[in-house]
Amino acid sequence: MKLIDIHDKKGVSAKPISQNLTSKVIAIQILANELLKEHITNIPAVLICVLGEVDYKDEKGTKINLKSGDYFEIEPMVKHWVKGIQDSQLLLIK
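A few points on the structure. Every value quoted in this text rests on a predicted model; they were computed, and no experiment measured them.

1. A closer look at the packing of aromatic side chains
Step number 1: A complete count under the given rule lists one aromatic pair for this structure.
Step number 2: Between Tyr56 and Phe72 the ring centres are 4.7 Å apart and the planes differ by 45°, which places this aromatic pair in the tilted class. With Tyr56 in strand 4 (residues 53-58) and Phe72 in strand 6 (residues 71-74), this residue pair connects regions lying 16 residues apart in the sequence.
Step number 3: On the basis of relative accessible area, Phe72 is assigned to the buried category, the value being 19%.

2. Side note on the sheet that holds strand 7 (residues 80-84)
Step number 1: Taken together, four strands build an open sheet; the order of strands is 2-7-4-5 and the sheet is antiparallel. Each edge of the open sheet is held by one strand with a lone partner, namely strand 2 (35-39) and strand 5 (63-67). Each neighbouring strand pair of the sheet contributes to a mean axis angle of 15°, computed without reference to strand direction.
Step number 2: One ladder, built from five bridges, connects strand 4 with strand 7; its direction is antiparallel. Along strand 7, the bridge assignment pairs Asp55 with Lys83.

3. Quick word on the sheet that holds strand 3 (residues 45-51)
Whenever strands of a sheet pair, they do so through backbone hydrogen bonds, lying parallel or antiparallel.
Step number 1: The four strands lie next to each other as 1-8-3-6, forming an open sheet whose pairing is antiparallel. On the outer flanks of this sheet lie strand 1 (25-30) and strand 6, each paired with one strand and no other. Averaged over all pairs of adjacent strands, the angle between strand axes in this sheet comes to 25°, irrespective of strand direction.
Step number 2: In the sheet, strand 1 pairs with strand 8 (residues 88-93) via six bridges, with the strands oriented antiparallel. Bridged to Ile28 within strand 8 is Leu90.

4. Here's the deal with the pairing of strand 7
Step number 1: Only one face of strand 7 is buried, namely the one carrying His80, Val82 and Gly84, since none of Trp81 and Lys83 on the opposite face is buried.
Step number 2: Bridge analysis of strand 2 against strand 7 gives three bridges, and the strand direction is antiparallel. Within strand 7, the residue paired with His39 across the bridge is His80.

The rules behind the values
- Residues numbered from 1 in each chain as written.
- Predicted model: local features only at pLDDT ≥ 70, side-chain atom pairs only at ≥ 80, totals over all residues.
- Heavy atoms only, no water.
- Phe/Tyr/Trp six-rings, centres within 6.5 Å; stacked < 30°, edge-to-face > 60°.
- Helix = DSSP H or I, 4+ residues; strand = E, 2+ residues; numbered from the N terminus.
- Buried < 20%, exposed > 50% of the residue type's maximum accessible area, 1.4 Å probe, protein only.
- Pairing = 2+ DSSP bridges.
- Axes fitted to C-alpha atoms, helices over the stretch in contact; angles between N-to-C directions.

Written as structure tokens, this is what we have:
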């Protein structure tokens, strides 16, 4: 999905992507050819690619290429990993 696709054609727009009573936002950097090794989240999370390009893969066979402006909702209790295709800056919200 692309962030731009969830907004109306207005000058300013704010839309919730994921609503939680409490949430954490984590900035992640993955450089080209580096790997954020496999891990599991206990709660739903949203991974946003702010700059660069990464490949997200999980144990269920999901393969998602994220480029600047793309986001993906990570399912809880599913082992996953992320590889840097380009030097990348990401936000993780959970």
